[in-house]
Amino acid sequence: MLDGVVSLSACDAPLLQPVWDGIRERSGVRAAPLWSACLAFSAHVLFSTLFLGLDVLGSRVPWISRYRIHGKPVTVRDWFRCLARISWKYALCVLPVSACIGFTQTRSGFAQHERAAAAATAPSLLVACLECFSCLLVFDTFFFVAHYTMHRIPWLFRIFHQPHHMNRHPFALAAQDSSITELVSQQLLAVWSTVLVGCHPLSEILFHLLNIWLAVEDHCGYDFPWALHRLLPCFGGAPFHQAHHQRVTGNYAPYFTHWDLIFGTAINT
Ligand SMILES: [Zn+2]
Ligand SMILES: [Zn+2]
């Protein structure tokens, strides 16, 4: 879909080539059906751990607490209880479901490692950025519709979404503290976004990592001057999503603010 841009930016193609070559050399590992779910879980815990340090030090270092959006302290105990909840959901359901999806993709010839083997050339940096941004826009739209629907239909909210709202004052790890159905559906929405955009497998990996990071940042509970929403006003960031958790209404889009502004569901942060 972005072939025209590829030719315009061919000069920066080598930038990502070593990264892509390294990934293709390890395509045996990536062929495992559980690969994407394991990556999602590991990246989520790793990204969240960066904020755990801030949560632990926050009460003693005024510089950190100055940027906290809510005053409720996050303890190591809160963190590990949340980790236990997420871990058993992944072990019991998300990983087996991912294995089934991976198996189905392999049978139908749509496995990611097969596409990776076919794409010898890395995308240019510009194309990778544009494809990631397009995937984010599509994912944001899917998420807005699903999230809004769950909040409008009481039984859907109760069964599928209420567990995520148990975190009135969220912290980084709580980004995936959701029902099993919501965890699986969010992964599917992310995969469908990349399929709809038709992006390069490397852009797909970068999008999944960016998506996990943005979800962590949304829930981190800090409003740092260098956060993405400060640099790009079209992003809502942590204050935007924090308001959703506290009022349990409005600000339904995960990253961008345009859908909530268009449909009148934006609330003040
Ligand atoms: Zn949330
Ligand atoms: Zn919600």
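Residues numbered from 1 in each chain as written. Chains lettered and ligands numbered in written order. Predicted model: local features only at pLDDT ≥ 70, side-chain atom pairs only at ≥ 80, totals over all residues.

1. As for the overall build of the protein chain
If you tally the helices and strands in the protein chain, you get 14 helices and 0 strands. Reading the helices (α) and strands (β) of the protein chain from amino to carboxyl end gives α-α-α-α-α-α-α-α-α-α-α-α-α-α. Of all 269 residues assigned to the protein chain, the portion counted as buried reaches 37%. (Helix = DSSP H or I, 4+ residues; strand = E, 2+ residues; numbered from the N terminus. Buried ≥ 20, exposed ≤ 12 C-beta atoms within 10 Å, placed from the backbone.)

2. Regarding the nonpolar core
One broad trend across soluble globular proteins is that nonpolar side chains are buried collectively. C135, F171, A172, L173, L202, V216 and C220 are the most contacted members of the largest nonpolar core, which has 49 residues in total. Of all the secondary-structure elements, those providing two or more residues to this core are α4 (35–58), α6 (76–108), α8 (125–152), α10 (180–197) and α11 (201–219). With 9 residues, α8 is the single largest residue contributor to this core. Every residue in contact with L173, bar those within four places of it in the chain, is listed here: S48, W79, C82 and L83. (Core = buried A, V, L, I, M, F, W, Y, C linked by C-beta atoms within 7 Å. Contact = placed C-beta atoms within 7 Å.)

3. Side note on the packing of α11 against helix α13 (residues 237–247)
It is at 7 Å that the axes of α11 and α13 come closest, and there the two elements cross at 65°. You can see that α11 and α13 cross each other, and the crossing is right-handed. On the side of α11, the interface is formed by E217, D218 and H219, while α13 contributes G237, A238 and H241. Its residues placed into classes, the contact of α11 with α13 shows 1 nonpolar, 3 polar and 2 charged. (Axes fitted to C-alpha atoms, helices over the stretch in contact; angles between N-to-C directions. Left-handed = near helix turned anticlockwise from the far one by under 90°. Nonpolar A, V, L, I, M, F, W, Y, C, P; charged D, E, K, R; others polar.)

4. A short note on α4
Along its 24 residues, α4 runs 35 Å from first to last C-alpha, staying within 8% of the 34 Å computed at 1.5 Å per residue. At L50, α4 shows its maximal bend, which comes to roughly 30°. If you check which residues of α4 are buried, you get S36, A37, A40, F41, H44, F47, S48, F51, L54, D55 and G58. (Expected span 1.5 Å × (residues − 1). Bend = angle between axes of the 7 residues up to and from the residue.)

5. With respect to α10
Compared with the 26 Å implied by 1.5 Å per residue over 18 residues, the 26 Å span of α10 between its first and last C-alpha is a close match. For α10, the complete set of buried residues consists of E182, L183, Q186, A190, S193, T194 and V197. End-on, the buried residues of α10 take up no more than an arc of 115°, which puts them together on one face. Of the residues one or two after α10, G198 is the one with positive phi, at around 70°. (Arc of directions from axis to C-beta.)

6. Topic: the confidence of the model for the protein chain
Averaged over the protein chain, the pLDDT score is 85; the fraction of residues at 70 or greater is 86%. Within the protein chain, the lowest mean pLDDT, 46, falls on helix α1 (residues 3–8), and the highest, 97, falls on helix α14 (residues 258–262). Every residue in residues 1–11 scores below 50 in pLDDT, and together they form 14 contacts with partners more than four places removed in sequence or on other chains. (pLDDT = per-residue confidence, 0-100.)

7. Section: the environment of I64
Structurally, the position occupied by I64 is in helix α5 (residues 62–65). Residues I64 and Y222, 158 residues apart in the sequence, show an inter-C-alpha distance of 8.7 Å.

8. Structural notes on unusual backbone geometry
For V248, which is not glycine, the phi torsion reads 50° and is therefore positive. In this structure, V248 sits in the loop between α13 and α14. The phi torsion at N251 lies on the positive side, around 50°, for a residue other than glycine. Checked against the element boundaries, N251 lands in the loop between α13 and α14. N251 sits in the buried class, given 24 other C-beta atoms within 10 Å.

9. Topic: the packing of α4 against α11
The axes of two packed helices give the description: the angle between them and the distance between them. Their axes nearest at 9 Å, the elements α4 and α11 cross at an angle of 40°. With respect to α11, the axis of α4 lies oblique. Seen along the crossing, α4 lies across α11 with a hand that is right-handed. Note on element contacts: α11 touches α4 through H208, L209, I212, W213 and V216, opposite L39, A40, A43, H44, F47 and S48. (Parallel < 35°, antiparallel > 145°, perpendicular 65-115°, else oblique.)

10. Some thoughts on the environment of L15
Mapped onto the secondary structure, L15 falls in the loop between α1 and α2 (17–25). Residue L15 is classed as partly exposed on the basis of its 15 C-beta neighbours within 10 Å. Sequence separation between L15 and A122 is 107 residues; the distance between their C-alpha atoms is 8.6 Å.

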